[in-house]
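Below are the chains, spelled out letter by letter.
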Amino acid sequence: MKVLLLYPLFPKTFWSYEKILELVNRKVLLPPLGLVTVAAILPQEWEFKLVDRNIRAVTEEEWAWADLVILSAMIVQKKDLLEQIQEAKRRGKSVAVGGPYPTALPEEVQAVGADYLILDEGEITLPMFVEAVQRGESGGTFRSDGNRPDVTTTPIPRFELLELDAYDSMSVQFSRGCPFQCEFCDIIVLYGRKPRTKTPAQLLAELDHLYELGWRRGVFMVDDNFIGNKRNVKLLLEELKVWQAEHQYPFKFNTEASVDLAQDQEMLDLMVDCNFDAVFLGIETPDEESLTLTKKFQNTRSSLGEAVQTITKAGLRPIAGFIIGFDGEKSGSGDRIVRFAEQTAIPTTTFAMLQALPNTALWHRLNKEGRLRGKDGNINQTTLMNFVPTRPVEEIATEYVEAFWTLYDPEGYLDRTYRCFQILGAPRHKAPFKFPALVDLKALAIVCWRQGIKRHTRWKFWHHLFSIMKNNPGVWEHYLAVCAHNEHFLEYRQIVRDEIEEQIREFKAQQLPLQGKVPENKEAIATTV
Ligand code: SF4
């Protein structure tokens, strides 16, 4: 069987980082980890080619070569996924699909002609699909019926299928699932609330494979909450610490974790020892009422500001996720979010309007209340909420655009980044010195030219850089890289403004409801599902 693994295009989003990738001559931030894992689970006598459409289009030879096309996609990739299914069918290929979007809305991929729907987690449903193919069946839907696979049996992803040079960072996954219960979260729907982890040996074997392939840059632990199973993660980190030292620290890691990370000094120390240098934290909002309402109780147990400071001082640069548009939210939420980011000196923040993703507790509640506007939801930063909020959507959208604009103001961004790196704990290890590649020198020259000469913030740029070099010399390269990130956000904030304002105009023209009924009893909201 000749299998073409196809990864659909992402729209231009916050995460696409084009301007930064251009600087370092890379095309995409992260690889399709799901597809290289699928290739490892399927029969190894089958042949595989992988095309990430975010890097390049499929060639005529590749289309002609394939017997079967397998696609995996998240909701943001929906448009290109549906087009590629149709293209593959037009060319007479068998088509199989899987991943979060087909799992959430199988009828939508079926409607455009997908033959096999390999839903839920592949460790269970891919073998069912293979048996069906071997029985000569030309289609089918494979589901795990609530069963969760033991990920200790998941094979090493076939990283060698990737065009490695095109990626800025590699991905590996240690755990699936999260113990918390945030109402808007689809992770707990897809992977459950009991985090399942691989074994340390399994993850180290994946790193060995990447190392043998010559990978020497960043590695993103894609776990949605890396510290979901603290005991097992510490076992991993103990072994990873030794592995990194033996290999002279070839990888820098970053990941996502819940803010209770701040309460675990041992975990923080282990992560920094293993060369983690940044962590994404789901802060969502500084408004405690909204956090309680959305069942993000772990963010209300102690001071969020102090938690961010503890994590920064330990040596992990915080990246924060913020959301606006929770039920019962009071006016001025956008300003409060900006103020929080400023006070806690978080340089990079992802910020979106709340979306009800399919099958989440939020989605079910809003459906019951008759407030859903669309079925699919979208986690793009340029999409209005897909439900009728409890305060005017126009007010939320205006606050959102203004807050996004302020967060990525060149001057504010430079100052916030500077304050973060003044207190950021220094890395404990460094890879042996090697001469920087030409592309890195070129990127450095471009950043210095744009931020240190062309832009009106030039004096600030040089002052902050020299001050960091003097007072916290271990982090100056990291600092410069984060300064460079604003090249992307500066352009992106204009896209956010233009697209959101356009949608509000359309809203008004169609006379759609801008605001829903304010629920009388907040307690009732939190316990609807
Ligand atoms: S902490 Fe993160 S991964 Fe866990 S339930 Fe909440 S949003 Fe989902």
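Source: prediction; values computed, not measured. (Residues numbered from 1 in each chain as written. Predicted model: local features only at pLDDT ≥ 70, side-chain atom pairs only at ≥ 80, totals over all residues. Heavy atoms only, no water.)

## With respect to the packing of aromatic side chains
A complete count under the given rule lists 22 aromatic pairs for this structure. Where Y400 meets F404, the ring centres are 5.9 Å apart and the plane angle is 75 degrees; that geometry is what we call edge-to-face. Placement of both Y400 and F404 in helix α16 (residues 393–407) is noted, with a separation of four residues, approximately one turn of the helix. Taken individually, Y400 and F404 each receive the classification buried, so the pair is uniform in this respect. The structure contains a cluster of three or more aromatic residues connected by ring pairs, namely F351, Y400, F404, Y408, Y413, F489 and Y492. Over the aromatic face of W65 sits the side chain of K49, whose NZ or CZ is 4.9 Å from the ring centroid. The ring of W405 carries R497 above its face, with NZ or CZ at 4.4 Å from the centroid. (Phe/Tyr/Trp six-rings, centres within 6.5 Å; stacked < 30°, edge-to-face > 60°. Helix = DSSP H or I, 4+ residues; strand = E, 2+ residues; numbered from the N terminus. Buried < 20%, exposed > 50% of the residue type's maximum accessible area, 1.4 Å probe, protein only. Lys NZ or Arg CZ within 6 Å of the ring centre and 35° of its normal.)

## Topic: the nonpolar core
Core analysis: the biggest nonpolar cluster contains 138 residues, and L5, F129, L207, L237, L240, L261 and F276 have the highest contact counts within it. The biggest single contributor to this core is helix α20 (residues 476–509), with 12 residues. In this structure, L237 is in contact with F226, M267, L270, M271, C274 and F276, ignoring residues within four places of it in sequence. Counting 26 residues, the second largest nonpolar core, distinct from the first, contains V58, V69, A73 and V112. (Core = buried A, V, L, I, M, F, W, Y, C linked by side-chain atoms within 4.5 Å. Contact = heavy atoms within 4.5 Å.)

## Comments concerning the pattern of salt bridges
A side chain with one charge may pair with a side chain of the opposite charge, provided their charged atoms come close. The final tally for this structure, using the stated rule, is 43 salt bridges. In this structure, the salt-bridge partner of R196 is E121, at a minimum N-O distance of 3.0 Å. Here R196, found in strand β9 (residues 196–197), pairs with E121, found in the loop between β5 (116–118) and α7 (122–134); they are 75 residues apart in sequence, far enough to count as distant. Looking at R196, the relative accessible area reads 14%, which means it is buried. Looking at E121, the relative accessible area reads 5%, which means it is buried. (Salt bridge = Lys/Arg side-chain N within 4 Å of Asp/Glu carboxyl O.)

## So, the sheet that holds strand β3 (residues 68–72)
By definition, the strands of a sheet pair up through backbone hydrogen bonds, in either a parallel or an antiparallel sense. Reading across from one edge, β2-β1-β3-β4-β5-β6 is the order of the six strands in this open sheet, with parallel pairing throughout. Both edges of this open sheet fall to β2 (47–52) and β6 (140–142), since each of them pairs with a single strand only. On average, each strand axis in the sheet is tilted by 20 degrees relative to the strand beside it, whichever way the strands run. Summarising the sheet, strand β1 (residues 2–7) and β2 pair through six bridges and their orientation is parallel. Within β2, the position partnered with L4 by the bridge is K49. Across the sheet, helix α2 (residues 33–41) touches β1, β2 and β3, and the angle it forms with β1 is around 165 degrees. (Pairing = 2+ DSSP bridges. Axes fitted to C-alpha atoms, helices over the stretch in contact; angles between N-to-C directions.)

## A few points about unusual backbone geometry
Of note, D145 is a non-glycine position whose phi angle comes to about 50 degrees, a positive value. Considering the arrangement of structural elements, one finds D145 in the loop between β6 and β7 (169–172). Positive phi, close to 55 degrees, is recorded for A345, a residue that is not glycine. In this structure, A345 sits in the loop between α14 (333–344) and β14 (348–353). You can call A345 buried: its relative accessible area is 7%.

## What about the site of the ligand?
Taken together, C178, F180, C182, C185, I188, K296 and Q298 make up all the residues around the ligand. Here the shell around the ligand is composed, by residue class, of five nonpolar, one polar and one charged. (Near = heavy atom within 4 Å. Nonpolar A, V, L, I, M, F, W, Y, C, P; charged D, E, K, R; others polar.)

From the geometry alone we can't say anything about function, so treat these as descriptive.
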